[in-house]
Amino acid sequence: MKKSEIESGLRKCFSENTVPDAVRGGRENLILAARQAYRTAVREKRISFWQFVLYQIKFTGRSIWGTQIAVLAAIYLTLYITVNGDFAYLWNRRLPVLLCFSSVFLLLPALPAIVRSLRYGMAELEQASRFSSIHLLTARLVIISAGDILMLAVLTAGIVLGMGQSLGAVVLYLLVPFFLLGSIYITIALHVDVQHVLKICLAVGMGAALLFWLLFQYHYGFYEHSFQTGWAAVCAAAVICDIIQLRRAERKGAAEVLL
Amino acid sequence: MELIIDDLSKKFKDKEAVSHVSLKLTPGVWGLLGANGAGKTTLMRMLGGTLKPTGGRVLYDGISIQVLGEKYRDIFGYLPQEFGFYPEFTVRDYLEYMAVLKGLPKRRSKEKIEELLERMTLSDVRKKKIAKLSGGMKRRVGIAQALLNEPEVLILDEPTSGLDPGERVRFRNLLSEFASHDRIVLISTHIVSDVEYIATCNAVMKGGKIQAVGTTEELVTLVNGKVWNGTIPAGQLAEYENRLQIVNLRNEADGRISVRYLAEKPGIEDSVPAVPRLEDLYLWMFPESRFDKEAD
């Protein structure tokens, strides 16, 4: 609100005040109106959601991105030790399943961030503030996604440019499980009692890893596809589903969603 | 400005924690008195929008707080009974974090944090991790965060637990001053002295229902003629404790004990009626809380 608007608001209060300000009641009405006008003006100066996200980087971004880098480094080290530095061993046959495993493990650092508020007893206070739990969750998901996108880009570039693998296979076995699993995690976070979210998400993640391994062992045909337009639609559907769920939770007021 | 609680209820499985509560809160300090388990915290959570009622509604200036959503939370300050913090946070980090959640712009939040650190005498510990603070200091940090956005509706659940007597007095003065600027302050407590002298109005809650509403002066009339002072021989204290609801006692020099007790009729010979206080009403309505008081 501009200064001129505050002034015109106050003039309006003054002209609408039917009780003359010579008497106490009239003066009190004016003081009250002036105070309300001041408070409205102050309240209108609030940060936007995107500014809120930027501020969250300071509070949670560093720890989330730090964990994500650590996971990426752990995946690289595990592979390096397993193949004794000879990455050529992983090419072709084993690569798709390793990409699927990577997508599972890259999502793991996101899980503690989702339940962080409840874990440290902050959920109630956060829910009662202007940017409620849902906005906070969305901000954290934006931060997590930014880190994930960067890691996926690094992995994809490393495999495609560094190892000369097919971009189609890399995108299919890295991105599609990533988006689908991410969407499942968000669904769990929004619909399951938050005390069980971490356990259920971990179980789903481990279940997915087991499924990928079983498919590798007994149904290798699963890993012989390449990325096609249909898969892009699947990824887009997963992202749209996430957005719809978050918006719906926000409209619902989010009370008790994350408490 | 008014906050109307309209036929509000909350049921947890088969237990009704809050049952058809209606109350009109106007600017000033409101005391919500009740023993543990009376439903105060559940009511406050519903007022804060962190718990959905199973029945009824809360209206701020005639509009449901669920409809107002963000606009209501913008003018709302809340201190829950139990609140946590992220372990890596210093006092300043915590207040900054809460200021961001409340949507305060950086400059405004900086000014407000400095002001509150000063007022809550936390300036010296601003860089200290909250985990390392004493219980009273943590509570003060909690109170400071509730005041960050200069709320028009301030709800404090057991705000003085853990505060020493000096801090309690400072806190009461702070709230009195805060509420004088046309704001609604609701304090839930089972420590009567927290609200006895500063509350514009009190509501007494028991079994999920509001049992009485009024100013301190109005409420104490409910126990007029039920508060007595008498003296008993020291050796007979246990016997009298079984028979009477003793709220206070003092050892006299002559080996006798002066007692203040609650009863429909005098239960000790030569008893004289005493001027009732809010605490007497509280203990009359919640006789079981005598033990809480003794523990406090």
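- If you check an unreviewed UniProt entry, chain B appears there as ABC transporter ATP-binding protein from Blautia parvula.
- The Sequence similarities (unreviewed entry) comment attached to chain B in UniProt states, word for word, "Belongs to the ABC transporter superfamily."

- Identification of chain A as ABC-2 family transporter protein from Blautia celeris is taken from an unreviewed UniProt entry.

## Overview of the overall build of chain A
In step 1: In terms of helices and strands, chain A carries 11 helices and zero strands.
In step 2: Listing the helices and strands of chain A from first to last along the sequence gives α-α-α-α-α-α-α-α-α-α-α.
In step 3: The buried share among the 259 residues of chain A stands at 44%.
In step 4: At a minimum sequence separation of 6, the contacts of chain A that also span at least 24 residues come to 75%.
In step 5: Carbon and sulfur atoms form 66% of the exposed surface of chain A, whose accessible area is close to 13700 Å².

## Here's the deal with the packing of helix α4 (residues 91–101) of chain B against helix α6 (residues 135–147) of chain B
Residue and element names in this part refer to chain B.
In step 1: As a packed pair, α4 and α6 sit with axes 9 Å apart at the nearest point and diverge in direction by 30°. Classed by the angle they form, the pair α4 and α6 counts as roughly parallel. Where α4 crosses over α6, the two elements pack in a sense that is right-handed. Of the residues in α6, those in contact with V91, Y94, L95 and M98 of α4 are V141, A144 and Q145.

## Thoughts on the state of the cysteines
In step 1: Summed over the entire model, instances satisfying the criterion amount to zero disulfides over all chains.
In step 2: Left without a disulfide partner, C241(A) is nearest to the cysteine sulfur of C235(A), which lies 13 Å away.

## Section: the pattern of salt bridges
In step 1: Enumeration according to the criterion identifies 22 salt bridges over all chains in this entry.
In step 2: As a salt-bridge pair, R140(B) and E167(B) come within 2.2 Å of each other at their nearest N and O atoms. Highlighted residues: R140(B) in helix α6 and E167(B) in helix α7 (residues 165–179), separated in sequence by 27 residues.
In step 3: The buried category is assigned to R140(B), whose relative accessible area is 9%.
In step 4: Judged by its relative accessible area of 9%, E167(B) is buried.
In step 5: One salt-bridge network, held together by shared partners, links K58(A), R92(B), E96(B), E114(B) and R126(B).

## Considering the UniProt feature "transmembrane region" (unreviewed entry) in chain A
Residues and elements named next belong to chain A.
In step 1: The positions UniProt marks with the feature "transmembrane region" (unreviewed entry) are residues 64–83, 95–115, 136–161, 167–190, 197–216 and 228–246.
In step 2: Structurally, residues 95–115 is divided into 86% helix and 0% strand, and its ends, taken at the C-alpha atoms, are 32 Å apart.
In step 3: Taken end to end, residues 228–246 comprises 95% helix and 0% strand; its first and last C-alpha atoms sit 28 Å apart.

## Things to note about the confidence of the model for chain B
A low pLDDT means the predicted coordinates there should not be read in detail.
Residue and element names in this part refer to chain B.
In step 1: Chain-level statistics for chain B give a pLDDT mean of 90 and a share of 97% at 70 or above.
In step 2: Summarising per-element confidence for chain B, the mean pLDDT is lowest in helix α12 (residues 290–295) (50) and highest in α4 (96).
In step 3: For this predicted complex, the interface confidence comes out at an ipTM of 0.84, alongside a pTM of 0.81.

## Some remarks on the packing of aromatic side chains
All names here are of chain A.
In step 1: Evaluation of the coordinates by the stated rule reveals 21 aromatic pairs over all chains.
In step 2: With centroids separated by 5.5 Å and ring planes inclined at 45°, the aromatic side chains of Y173 and Y223 adopt a geometry described as tilted. With Y173 in helix α9 (residues 167–191) and Y223 in the loop between α10 (194–218) and α11 (229–251), this pair connects stretches of sequence that are 50 residues apart.
In step 3: For Y223, a relative accessible area of 4% puts it in the buried group.
In step 4: Ring centres of F222 and Y223 lie 5.0 Å apart, and the angle between their planes is 90°; on these two criteria the pair is classed as edge-to-face.
In step 5: Using a relative accessible area of 31% as the deciding quantity, one classes F222 as partly exposed.

## Digging into the environment of K127(B)
In step 1: With respect to the helices and strands, K127(B) occurs in the loop between α5 (106–119) and α6.
In step 2: Once the C-alpha coordinates of K127(B) and T90(B) are considered, the two residues, 37 residues apart in sequence, prove to be 5.4 Å apart.

## Regarding the interface of chain B and chain A
In step 1: In this complex, chain B contributes 42 residues to the contact, which on the side of chain A involves 36 residues.
In step 2: Counting each side, the surface lost to burial between chain B and chain A is near 3600 Å², with a carbon and sulfur contribution of 53%.
In step 3: The largest contributions to the chain B side of the interface with chain A come from R73(B), Y86(B) and L101(B), which together make up 19% of the buried area.
In step 4: Here D74(B) ties to R46(A) by a salt bridge, and the two come within 2.8 Å at their closest N and O atoms.
In step 5: Where chain B meets chain A, there are 19 residue pairs in polar contact (both at pLDDT 80 or more).

## As for the packing of helix α3 (residues 49–82) of chain A against α4(B)
In step 1: Two numbers describe how α3(A) lies on α4(B): the axes approach to 10 Å, and their chain directions differ by 160°. By the angle between their axes, α3(A) is roughly antiparallel relative to α4(B). When the axes of α3(A) and α4(B) are compared, the crossing they make is left-handed. Judged by residue contacts, F52(A), Y55(A), Q56(A), K58(A) and F59(A) of α3(A) engage D93(B), E96(B), Y97(B), V100(B) and L101(B) from α4(B).

## Thoughts on the UniProt feature "domain: ABC transporter" (unreviewed entry) in chain B
In step 1: Sites flagged by UniProt as "domain: ABC transporter" (unreviewed entry) map to residues 3–232 of chain B.
In step 2: Helix makes up 34% of residues 3–232 of chain B and strand 30%, and the two end C-alpha atoms of the span are 48 Å apart.

## Observations regarding the nonpolar core
In step 1: Counting residues in hydrophobic clusters, the biggest one holds 70 residues, and the most contacted among them are F52(A), Y94(B), Y97(B), L156(B) and V185(B).
In step 2: The residues that make up this core include at least three from each of domain 1 (3–215) and domain 2 (222–295) of chain B.
In step 3: Contact partners of V185(B), with chain neighbours within four places excluded, come to G28(B), V29(B), W30(B), L154(B), L156(B), L175(B), F178(B) and A179(B).
In step 4: Ranked by size, the runner-up nonpolar core spans 53 residues in total, among them F87(A), L152(A), M163(A) and Y220(A).

## A word on the environment of I257(B)
All names here are of chain B.
In step 1: Structurally, the position occupied by I257 is in strand β13 (residues 256–262).
In step 2: Given the relative accessible area of 4%, I257 is considered buried.
In step 3: Taking the C-alpha atoms as reference points, I257 and P233, 24 residues apart in sequence, are found 6.1 Å from one another.
In step 4: Look past the residues within four positions of I257 in its chain and what remains in contact with it is G230, T231, I232, A234, L237, L249, R250 and N251.

Thresholds, definitions, all that
Residues numbered from 1 in each chain as written. Chains lettered and ligands numbered in written order. Predicted model: local features only at pLDDT ≥ 70, side-chain atom pairs only at ≥ 80, totals over all residues. Heavy atoms only, no water. UniProt positions renumbered as here; feature names shortened; annotations may be inferred. Helix = DSSP H or I, 4+ residues; strand = E, 2+ residues; numbered from the N terminus. Buried < 20%, exposed > 50% of the residue type's maximum accessible area, 1.4 Å probe, protein only. Contact = heavy atoms within 4.5 Å. Areas by Shrake-Rupley, 256 points an atom, 1.4 Å probe, with all protein chains shown as cover. Axes fitted to C-alpha atoms, helices over the stretch in contact; angles between N-to-C directions. Parallel < 35°, antiparallel > 145°, perpendicular 65-115°, else oblique. Left-handed = near helix turned anticlockwise from the far one by under 90°. Disulfide = S-S within 2.5 Å. Salt bridge = Lys/Arg side-chain N within 4 Å of Asp/Glu carboxyl O. pLDDT = per-residue confidence, 0-100. Phe/Tyr/Trp six-rings, centres within 6.5 Å; stacked < 30°, edge-to-face > 60°. Buried area = accessible area lost by both parts, 1.4 Å probe. Polar contact = N/O pair within 3.5 Å; in protein donor to acceptor, adjacent residues only side chain to side chain. Core = buried A, V, L, I, M, F, W, Y, C linked by side-chain atoms within 4.5 Å. Domains from an automatic or database assignment.

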